[in-house]
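So the chains spell out like this:
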Amino acid sequence: MTGRGGPAAHERDGPAGTEDDRQLSVDDVPVARYVVDPAIDPRHGPRPYLHPVRTLGGTVVTDAFPADHVWHLGASLAVQDVDGTNLWGGRTYVRDAGYTWRDDHGRIAHTGWETREPQRLAHRLQWRDRDGGVLLTERRELVARRVGGRAWALDVAYTLTAPADRDVALGSPATNGRPGGAGYGGFFWRAVSATPAWVRTATAEGEEAVNGSADPWLAFGGTGPDGAPYTLVLAGLAQGDRWFVRTAMYPGVCAAFAFDRPRVIAAGTSRAGRHLVVVADGTLDGAAAAALAAGESV
């Protein structure tokens, strides 16, 4: 997963806003911009994403179009192999060949709103191949709410539905032969940190120990561009999901759908997911992170 040059100038700041871009707010405080239909290079895996996401204190905790992986877009749903279509962006991992630039990039396209409120967004989407064919349909909901005095929570819920006439397989570089626990693809959060990021669960600490685990919650922390520390607490792995984490190469965490084996959505059926991300100012210890994951205020 190496970069290939830096992003264009307009991409470093994010694509120009559209009338469908929305702000999520908590108690009238804007905490996240939802970019619904980004006008970006098809090789970057166009898809809706959240960026910038901020703490209640104003610290930015996401990154988008970073030079190391230009296709990392804040917080988003993204999978590198959806029945052979790359919906992650960047090069595709090919068994026995490694990462290869291929003309296999699709897009996750917004098709209609259901709800547009300051604290709640719900819409319909299509996961499409490079020719516009529909691989999956999706219904997605984002909800922002306050949690205690110095944190807020993002609820991300979605339902992915396969066509009535065929199964759809979800894969990752790991399921396509890449070693080293590179099972990324799912709900991915590209973080930003001016200092080395840290990660822990209730039972493990550090990238090597946490990557591939299935603990019920994960705490991830770093330092924002303003120099202020922040902590993310994530929960909501579905059965078979695993945590994919990076702190050394770059700061990021993913609730990975196909960490070590492909997952199949059978014809006419759906896969539902729901993830919680608590965004907090400051550095939280394990007890505070566990409390937030359990829905308690701190």
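Definitions and limits used
Positions within a chain are numbered from 1, following the residues in the order the chain's sequence is written. For this predicted model, a pLDDT threshold of at least 70 governs which residues receive local features, and a threshold of 80 or more governs which side-chain atom pairs are given and counted, while totals over whole chains, interfaces and linings are taken from all residues. Side-chain measures here rest on the full set of heavy atoms in the structure, leaving out hydrogens and waters. Secondary structure counts use DSSP, requiring at least four H or I residues in a row for a helix and at least two E residues in a row for a strand, with both numbered from the N terminus. Aromatic rings from Phe, Tyr and Trp, with only the six-membered ring used for Trp, were paired whenever their centres fell within 6.5 Å, and each pair was classed as stacked if the ring planes differed by under 30 degrees, edge-to-face if by over 60, and tilted otherwise. The classification of residues rests on relative accessible area computed with a 1.4 Å probe and restricted to protein chains. Under 20% of the type maximum is buried, over 50% is exposed, and intermediate values are partly exposed. Lysine NZ or arginine CZ positioned within 6 Å of the ring centre and within 35 degrees of the ring normal marks a charge as sitting over the ring. Any two residues having at least one pair of non-hydrogen atoms within 4.5 Å are treated as being in contact.

Turning our attention to unusual backbone geometry. That bond from His51 to Pro52 is cis: its omega, -5°, falls within 30 degrees of zero. Positionally, Pro52 belongs in strand β3 (residues 49-53). Backbone geometry places Asp28, a non-glycine residue, at a positive phi of 70°. Mapped onto the elements, Asp28 comes out in the loop between β1 (22-26) and β2 (29-35).

Applying the stated criterion to the full structure yields 8 aromatic pairs. Ring geometry for Trp88 versus Phe188: centroids 4.9 Å apart, planes at 50°, classification tilted. With Trp88 in the loop between β5 (81-82) and β6 (92-94) and Phe188 in strand β13 (residues 186-190), this residue pair connects regions lying 100 residues apart in the sequence. Taking 5.0 Å as the distance between ring centres and 80° as the angle between the ring planes, the aromatic pair formed by Tyr93 and Tyr99 counts as edge-to-face. When its relative accessible area of 14% is taken as the criterion, Tyr93 is described as buried. These aromatic residues form a ring-pair network of at least three members: Trp88, Tyr184, Phe188 and Phe244. Directly above the ring of Phe257 sits Arg271, whose terminal nitrogen or CZ lies 4.0 Å from the centroid.

Tracing the backbone through its elements, the reader meets Val29 in strand β2. For Val29, a relative accessible area of 31% corresponds to the partly exposed category. The residues contacting Val29, other than those within four sequence positions of it, are Leu24 and Leu56.

Another point: the side chain of Thr247. Position of Thr247 relative to the elements: it lies in the loop between β17 (242-246) and β18 (252-256). Discounting chain neighbours no more than four positions away, the residues touching Thr247 are Ala197, Trp198, Val199, Glu207 and Phe220.

Coordinates in, geometry out; function isn't part of it.
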